[in-house]
Amino acid sequence: MFSQMPHALRLSSSDRILFFAPHPDDESIGGGGLIQRAVAAGAQVCLVFLTNGDRNPWPQRVMERAIFLDAKTRRRWGERRRSEALAALAVLGLAAPAEAHFLAWPDQGITNLLMQADETAMATICRFLAEWKPTLVFTPAAEDTHPDHSAFFVLLEIALDRMRATGVEPRESLSYLVHSPKSRLQREIRSMRLTAQEKATKAEAIQAHETQMLSRKRFLAHARDVEEFHLPIAPQARHTHHPVTAGEIVDGALRLRLKLPKPLLRFQGAVLHVALETMLEGSLRWSLQLPGKSAKAQVVDARTGQPLRWATVRITGRAAVVAIPIMNAVPLTRIFLKFDRRPLFFDLAGWREIAVDESRRPTLHLHRFSLAHPHTAD
């Protein structure tokens with residue numbers, strides 16, 4: 001079964017929308033119709049641009065006729081892209097003093113923020129959630145093949161977990177796809193059919209990003225009749241597009257099944273990233289480089305580079321089974337995985353979540369400690 005029947009996404013004046021864009025232009029490509037509809041409905045909109053899009057070398061080289069790009073030239077390019085984003089928002093009806101924030105995180109570096117369990121980045125996301133109190137959150141999708149997009153999805157999911165504990169929870173968190181995997185996805189859709197005028201305005205906003213217009217046809221193809229957003233794909237759902245096809249915890253090990261999507265690909269040199277959220281040890285980040293044939297593989301702490309344990313990898317043709325000892329990490333709350341074998345700039349697939357068996361979580365009993373009648377030793 002593939003994409004389910006879509007439900008119409010409706011907005012009202014009481015909505016507070018928090019939209020995260022990894023780069024300038026994602027707001028127009030992923031939500032150009034949404035932003036117009038929100039403005040028309042009288043909803044409040046906050047745009048958060050994660051990066052300035054300053055590591056965008058080939059368009060910059062062509063447009064500036066430069067081969068070598070240093071930090072100063074990249075910074076200038078990022079400032080130009082910020083200006084384009086503000087111009088695009090004005091086209092969409094969200095003019096100054098609109099809520100638009102630029103975090104200037106490292107372009108092409110959000111995976112590193114995730115794998116370093118960067119608490120400053122996490123605190124920033126949580127602050128926007130706490131202060132804005134959104135009814136709807138829009139985020140790049142876990143399935144997006146741009147590494148910045150998919151990594152931020154995971155960061156946001158962890159932040160939402162933390163904020164739920166404080167009573168802050170949006171009505172829905174919806175994802176948008178800019179760079180789609182070459183597979184159909186089983187997902188629950190919220191759709192918005194654009195009028196001819198909304199579609200034309202979205203195309204105009206996309207073209208406001210002049211630095212990206214070397215690929216004008218490809219970019220304008222995003223000005224479609226319908227904008228689609230989807231709920232996160234359930235961990236237990238079939239992820240036919242993803243190299244990690246299944247996973248479960250068995251006998252104290254995280255047991256994963258992998259399958260290469262293309263005959264010419266090899267496991268040799270691929271890296272498996274593991275992002276764990278635990279009840280007792282907080283955020284754990286592991287990586288292991290896969291071998292070319294059945295063997296042991298060293299699992300390392302992605303934050304320190306220190307070896308942690310050995311995983312067992314059994315490879316048969318294009319399929320593999322990986323078993324990672326995980327007993328000392330339980331009880332787990334979330335497990336996210338990425339198979340990193342990038343042929344060029346984009347990933348084969350983004351991140352996917354593995355279900356945690358709630359029934360196997362231990363119950364923690366917290367007792368009140370009192371100093372009223374301390375025990376004394378004999």
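The structure displayed is predicted, hence computed values, not measured ones. (Residues numbered from 1 in each chain as written. Predicted model: local features only at pLDDT ≥ 70, side-chain atom pairs only at ≥ 80, totals over all residues. Heavy atoms only, no water.)

**What to know about the packing of aromatic side chains**
Okay, step 1: Counted under the stated rule, the structure contains eight aromatic pairs.
Okay, step 2: Measuring from ring centre to ring centre gives 6.1 Å for F19 and F138, while their planes differ by 25 degrees; the resulting arrangement is stacked. Pair noted here: F19 is in strand β2 (residues 16-21) and F138 is in strand β5 (residues 136-140), with a separation of 119 residues, a long-range link. Like F138, F19 is buried.
Okay, step 3: With 4.6 Å between their ring centres and 10 degrees between their planes, F49 and F102 make a pair best called stacked. Separated by 53 residues along the polypeptide, F49 in strand β3 (residues 44-51) and F102 in strand β4 (residues 99-105) bring together distant segments of the chain. This pair shows no difference in class: F49 is buried, exactly as F102 is.
Okay, step 4: Every member of this aromatic cluster is reached through a ring pair, and the members are F19, F138, Y176 and F229.
Okay, step 5: In this arrangement the basic side chain of R16 is found over the ring face of W132, its NZ or CZ atom lying 4.0 Å from the centre.
Okay, step 6: Over the ring of F128 we find R127, and its NZ or CZ is 5.5 Å from the ring centre. (Phe/Tyr/Trp six-rings, centres within 6.5 Å; stacked < 30°, edge-to-face > 60°. Helix = DSSP H or I, 4+ residues; strand = E, 2+ residues; numbered from the N terminus. Buried < 20%, exposed > 50% of the residue type's maximum accessible area, 1.4 Å probe, protein only. Lys NZ or Arg CZ within 6 Å of the ring centre and 35° of its normal.)

**With respect to unusual backbone geometry**
Okay, step 1: Positive phi values are uncommon outside glycine, yet A104 reaches one of about 55 degrees.
Okay, step 2: Positionally, A104 belongs in strand β4.
Okay, step 3: Look at A104 and you get partly exposed, because its relative accessible area is 47%.
Okay, step 4: At Q108, a position not held by glycine, the phi torsion is positive, near 65 degrees.
Okay, step 5: Here Q108 shows up in the loop between β4 and α4 (110-115).

**Here's the deal with the pattern of salt bridges**
Once their charged atoms are close, side chains differing in charge can pair, the charge on each being opposite to the other.
Okay, step 1: Applying the stated criterion across every chain, the model contains 19 salt bridges.
Okay, step 2: Salt-bridge contacts for R171 lead to D15; the nearest nitrogen and oxygen are separated by 3.1 Å. Of this pair, R171 sits in the loop between α6 (147-164) and β6 (172-176) while D15 sits in the loop between β1 (7-8) and β2, and the two are 156 residues apart along the sequence. (Salt bridge = Lys/Arg side-chain N within 4 Å of Asp/Glu carboxyl O.)

**Considerations on the pairing of β5**
Okay, step 1: β5 sits mainly inside the fold: five of its five residues count as buried.
Okay, step 2: Direction of pairing for β2 relative to β5: parallel, over a ladder of three bridges. What sits directly across from F19, in β5, is F138.
Okay, step 3: With five bridges joining them, β5 and β6 adopt parallel strand pairing. Among the inter-strand pairings, V137 is bridged to a residue of β6, identified as S173.
Okay, step 4: For the handedness criterion, the β-α-β arrangement of β5, α6 and β6 is classed as right-handed. (Pairing = 2+ DSSP bridges. Right-handed = clockwise from strand over helix to strand, strands pointing away.)

**Considerations on the confidence of the model for the protein chain**
Okay, step 1: Averaged over every residue, the pLDDT of the protein chain is 89; the share at 70 or more is 92%.
Okay, step 2: For residues 1-5, every residue scores under 50 in pLDDT, and the model assigns this stretch eleven contacts once sequence neighbours within four places are set aside.
Okay, step 3: pLDDT under 50 marks residues 361-378. Its contacts with residues more than four places away, or in other chains, come to seven contacts. (pLDDT = per-residue confidence, 0-100. Contact = heavy atoms within 4.5 Å.)

**A short note on helix α1 (residues 26-41)**
Okay, step 1: Its 16 residues place the ends of α1 22 Å apart at the C-alpha level, agreeing with the 22 Å of an ideal helix rising 1.5 Å per residue.
Okay, step 2: At G32, α1 is bent by approximately 75 degrees, the largest bend along its length.
Okay, step 3: Of all the 16 residues making up α1, twelve are buried; the element is thus mostly covered by neighbouring parts of the structure.
Okay, step 4: Residues of α1 that are buried include every one of D26, E27, S28, I29, G30, G31, G32, G33, L34, I35, Q36 and A38, and no others.
Okay, step 5: Note on α1: the residue one or two positions beyond its end, G42, has a positive phi of about 85 degrees. (Expected span 1.5 Å × (residues − 1). Bend = angle between axes of the 7 residues up to and from the residue.)

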